[in-house]
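# Secondary and tertiary structure notes
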Amino acid sequence: MEQLQQLFAQHIDELNARAKTIMARENVSSLIVHSGQPHRQFLDDMDYPFKVNPHFKHWVPVIDNPNCWVIVDGESKPTLVFYRPVDFWHKVPDAPNDFWTDAFNIVLIKKAEHIAEHLPQDLSRAAYLGEHIDVADVLNIGLRNPEELVSYFHYHRAYKTDYELECLREANRLAVKGHQAAKAAFMAQKSEYDIQMDYLQAIKHTENEVPYGNIIALNENAAILHYTILEQEKPQQFNSFLIDAGANCRGYASDITRTYAFEDNEFNSLIKALDAKQLELIDGIKSDVSYVDLHLQMHQMIAELLSEFDIVKLAPQQIVEKEITSTFFPHGLGHFLGLQVHDMGGFMADESGAHVAAPDNHPFLRCTRMVEPRQVMTIEPGLYFIDSLLDELKTTDNGEFINWEKVEEFKPFGGIRIEDNIIVHRNHIENMTRDLGLN
């Protein structure tokens, strides 16, 4: 715990330094960062599950308490205004007393509107960071999510502090336990719903605590990229299982995918072949290469598999040139990972927010940035047999190069995705997912 406390103190020092730099540049007197407010369900008296403002949890590892605030001037210890109401309907959060609390001056408030008593006197050049602009209006905060500040923070969020890296490792450790439990449940021929329950039990999360809705897909459902139905009945036959699921540690996310065949068959060989390509790509990642180039390199590797497994009757280079790989690998190679599953800053050329668009023929790529030390990202190639994309391919001139009999053999398995979470270091790549025991 002492080491974590030291890492967090260094983390706050770094955030303060970033804040001081951009506040001086933009003549901002203070940052006022809002955790958020509950959202009431339409025509109901209950709220949606609370989701904290990512800017807030960057400063404070509190993700379940609305109406809290961090006030920053870039020089002194930040102030945390912590909401602790008098309430007999719900459990009131405990007063903060953890490894991170020494980094803040902490003030407790019983009513949300009491924040007005703790704000700086002059708010004309204060900057509100948060979702609820109407609250900033009521409080007369002069600046609301100013673009220059937001772009600066999003750009630099790509460079993780040592504290953040420890959180991301722990999020991976938890998710690996869940993935191992889910694989065992698949091999025991459980339903999608029951596999999900085993996963959540293994990581000790509720459905609202996981960083995104888990994808638990059996058989042909693995061809649906964001499949979230969770069928409660077992399929008549178990062919394949794709799980895309993460875990949360102090507001930081892991995002891991694995695909399994129920039997040792040709689809299992295809899984192993894609797994080997993914590891080969990761082994070759170095600083100062473009993430776009990594994505294009993976398309070349996918083409090699399409040719090797007789899915496409062309040489790999021809498959790439004819853009056939996009039918079988339609999404991007991966994305930044951190406070959000698809973390911010992936398209930024610099801290001003200059945008670098994805290539026109690869529109779903989520990162176009140069690879640099302290970035954390996913590497998640896929190879799928998606009806709508295959039907479209069949209508083109490229349809004649497809081994449609082979495609039909693979369609009951849905598809494959292999996803690891990596940290870029100056002289090596740390594969958190593999290092923590998930092969």
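Everything here concerns the structure above.
Residues numbered from 1 in each chain as written. Predicted model: local features only at pLDDT ≥ 70, side-chain atom pairs only at ≥ 80, totals over all residues. Heavy atoms only, no water.

### Brief notes about the pattern of salt bridges
- Tallying each qualifying case throughout the model produces 23 salt bridges.
- Between Lys20 and Glu75 there is a salt bridge, with its nearest N and O atoms 3.4 Å apart. With a gap of 55 residues between them, Lys20 in helix α1 (residues 2-26) and Glu75 in the loop between β2 (69-72) and β3 (79-83) connect regions that are remote in the sequence.
- Since its relative accessible area comes to 42%, Lys20 is described here as partly exposed. (Salt bridge = Lys/Arg side-chain N within 4 Å of Asp/Glu carboxyl O. Helix = DSSP H or I, 4+ residues; strand = E, 2+ residues; numbered from the N terminus. Buried < 20%, exposed > 50% of the residue type's maximum accessible area, 1.4 Å probe, protein only.)

### Looking at the packing of α1 against helix α5 (residues 162-187)
- Two numbers describe how α1 lies on α5: the axes approach to 7 Å, and their chain directions differ by 125°. Classed by the angle they form, the pair α1 and α5 counts as oblique. Residues Leu4, Leu7, Phe8 and His11 of α1 touch α5, and the partners they reach there are Asp162, Tyr163, Glu164 and Glu166.
- Tallied by class, the residues present in the contact of α1 with α5 amount to 4 nonpolar, 1 polar and 3 charged. (Axes fitted to C-alpha atoms, helices over the stretch in contact; angles between N-to-C directions. Parallel < 35°, antiparallel > 145°, perpendicular 65-115°, else oblique. Contact = heavy atoms within 4.5 Å. Nonpolar A, V, L, I, M, F, W, Y, C, P; charged D, E, K, R; others polar.)

### Concerning the packing of helix α7 (residues 266-283) against helix α8 (residues 291-308)
- Look at α7 against α8: their axes get within 10 Å of each other, and the N-to-C directions meet at 150°. On the basis of their axis angle, the class for α7 and α8 is roughly antiparallel. Here the hand of the crossing between α7 and α8 comes out right-handed. Judged by residue contacts, Ala273, Leu274, Lys277, Gln278, Glu280 and Leu281 of α7 engage Leu294, Gln297, Met298, Met301, Ile302, Glu304 and Leu305 from α8.
- Class assignment for the residues of the contact of α7 with α8 results in 8 nonpolar, 2 polar and 3 charged. (Left-handed = near helix turned anticlockwise from the far one by under 90°.)

### Let's talk about the state of the cysteines
- Enumeration over the complete set of coordinates arrives at 0 disulfides.
- Left without a disulfide partner, Cys68 is nearest to the cysteine sulfur of Cys167, which lies 18 Å away. (Disulfide = S-S within 2.5 Å.)

### Remarks on the sheet that holds strand β12 (residues 376-379)
- Across the sheet, 3 strands lie side by side as β12-β15-β16; this open sheet has antiparallel pairing. In this open sheet, the two strands that pair with only one neighbour each are β12 and β16 (429-431). Sheet twist, expressed as the mean angle between neighbouring strand axes with direction ignored, is 35°.
- As defined by bridge partners, β12 adjoins strand β15 (residues 420-424) across 4 bridges and the pair is classed as antiparallel. (Pairing = 2+ DSSP bridges.)

### Let's talk about the nonpolar core
- In this structure, Leu31, Phe56, Val60, Val70 and Phe104 are the most contacted members of the largest nonpolar core, which totals 63 residues.
- Core analysis: the second largest hydrophobic core is formed by 48 residues, Ala273, Ile302, Phe309 and Leu393 among them. (Core = buried A, V, L, I, M, F, W, Y, C linked by side-chain atoms within 4.5 Å.)

### With respect to empty space enclosed by the protein
- Counted under the stated rule, the structure contains 1 cavity of 30 Å³ or more.
- Space inside the largest cavity adds up to approximately 120 Å³.
- As for the largest cavity, its lining consists of Leu15, Arg18, Leu31, Val33, Pro54, His55, His58, Trp59, Leu129, Phe153, His154 and Arg157.
- If you list the elements that add at least two residues to the lining of the largest cavity, you get α1, β1 (30-34), α2 (54-59) and α4 (147-156).
- Per element, the largest residue contribution to the lining of the largest cavity is 4 residues, and it comes from α2. (1 Å grid on protein atoms, 1.4 Å probe; cavity = no way out; pocket = protein on both sides within 12 Å on 5 of 7 lines; lining within 4 Å. Points joined across faces, edges and corners; volume = space filled by probe spheres on them.)

### Considerations on the pairing of strand β8 (residues 240-245)
- Burial analysis of β8 places 6 of its 6 residues in the buried class, which makes it a mostly covered element.
- The side-chain alternation of β8 yields two buried faces, one formed by Ser240, Leu242 and Asp244 and the other by Phe241, Ile243 and Ala245.
- Bridge count for strand β7 (residues 215-218) against β8 is 4 bridges, and the pairing is antiparallel. From the neighbouring strand, Ala217 faces β8, where its bridge partner is Leu242.
- With 6 bridges joining them, β8 and strand β11 (residues 256-261) adopt antiparallel strand pairing. For Phe241, the partnering residue across the bridge sits in β11 and is Tyr260.

### Notes on the layout of surface pockets
- Looking at the largest pocket, its volume works out to about 1,600 Å³.
- Surrounding the largest pocket, 48 residues form its lining, Phe50, Ile63, Asp64, Asn65 and Pro66 being those nearest its centre.
- Of all elements in the fold, only α2, β3 and β10 (252-253) reach the threshold of two or more residues within the lining of the largest pocket.
- In terms of residue class, the lining of the largest pocket is built from 25 nonpolar, 10 polar and 13 charged.
- Taken as a whole, the second largest pocket encloses approximately 810 Å³ of empty space.
- What lines the second largest pocket is a set of 40 residues, among which Leu225, Pro330, His331, Gly332 and Phe364 lie closest to the centre.
- For the lining of the second largest pocket, the element with the highest residue contribution is helix α11 (residues 387-394), accounting for 3 residues.
- Here the lining of the second largest pocket is composed, by residue class, of 14 nonpolar, 17 polar and 9 charged.

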